[in-house]
Amino acid sequence: QVQLVESGGGLVQAGGSLRLSCAASGRTFSSYVMGWFRQAPGKEREFVAGISRRGARTDYADSVKGRFTISRDNAKNTVYLQMNSLKPEDTAVYYCAADSVAYVDIYDTPTEYDYWGQGTQVTVSS
């Protein structure tokens, strides 16, 4: 079992940057494929980015490709989401999630992930 705690959200102007962090408890962080999802008011939770257990493979939603970068530091039990060139449509609550089954494959459906953080709000003003 793993517990996830996100941080780094906030209010930023369009074109700005934020870096989200997700700290995981436990000693088996490297056993999880990690993902970032987001949910805007009135919308379904959507995949943003994912990273394989050792960080060799990443995947991104088309809407964030070229602007967001996911990375992980297994020694620090932390996964990051660097968000650049932010747009108002990026406004949402951002969640990190852990998939205990996948090894290299990165799934974009929330049901594939076993553990979730509480979320951090990102607001981008125009």
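Figured I'd write up the structure that's included with this text. Residue numbers here run from 1 along each chain, matching the order of that chain's written sequence. A pLDDT threshold of at least 70 governs which residues receive local features in this predicted model, and a stricter bar of 80 or more applies before side-chain atom pairs are shown or counted, although totals over entire chains, interfaces and linings include all residues. Hydrogens and water are ignored here; the side-chain numbers use all heavy atoms of the structure.

**Structural notes on the state of the cysteines**
For this text, the term disulfide refers to a pair of cysteine sulfurs within 2.5 Å. Going through the model one piece at a time under the given rule, you end up with 1 disulfide. Covalently, C22 is tied to C96 through a disulfide, its sulfur atoms 1.9 Å apart. Between C22 and C96, the S-S torsion sits near 45°, and that sign places the bridge as right-handed. Taken together, the residues span a long stretch of sequence, with C22 in strand β3 (residues 18-24) and C96 in strand β9 (residues 92-99) at a distance of 74 residues. Both residues of the pair, C22 and C96, belong to the buried class. Here a helix means four or more residues in a row that DSSP labels H or I, a strand means two or more in a row labelled E, and each is numbered from the N terminus. Under the scheme applied here, a residue whose accessible area is under 20% of the maximum for its type counts as buried, over 50% as exposed, and between as partly exposed, the area being computed with a 1.4 Å probe on protein chains only.

**Structural notes on the pairing of β9**
When you tally the buried positions in β9, you get 7 out of 8 residues, the bulk of the element. Two strands pair when backbone bridges link them, and strand β4 (residues 33-39) and β9 are joined in this way by 7 bridges, in the antiparallel orientation. Counterpart to F37 in the pairing with β9 is Y95. Of the pairings in the sheet, the one linking β9 to strand β11 (residues 120-125) comprises 3 bridges and is antiparallel in character. Of the residues in β11, the one forming a bridge with V93 is Q121. One ladder, built from 2 bridges, connects β9 with strand β10 (residues 115-116); its direction is antiparallel. Along β10, the bridge assignment pairs A98 with Y115. At least two bridges found by DSSP between two strands are what make those strands a pair.

**Some details on the packing of aromatic side chains**
The description of an aromatic ring pair rests on the distance of the ring centres and on the angle between the ring planes. Working definition: rings of Phe, Tyr and Trp (its six-membered ring) pair if their centres are within 6.5 Å, and the pair is stacked with planes under 30 degrees apart, edge-to-face with planes over 60 apart, and tilted otherwise. According to the stated counting rule, one finds 6 aromatic pairs in the structure shown. A ring pair is formed by F37 and F47, whose centres lie 5.6 Å apart and whose planes are at 75°; its orientation type is edge-to-face. Of this pair, F37 sits in strand β4 while F47 is found in strand β5 (residues 46-51), placing the two residues 10 residues apart along the sequence. Each member of the pair, F37 as well as F47, carries the same accessibility label: buried. Three or more aromatic residues joined by ring pairs form one cluster here, namely F37, F47, Y95, Y113 and W116. Comment: the charge-over-ring label is applied if NZ (Lys) or CZ (Arg) is within 6 Å of the ring centre and within 35 degrees of the ring normal. Its end group placed over the ring of Y95, R45 keeps NZ or CZ at 3.8 Å from the ring centre. Cation over ring: R72 sits above F29, and NZ or CZ is 4.5 Å from the ring centre.

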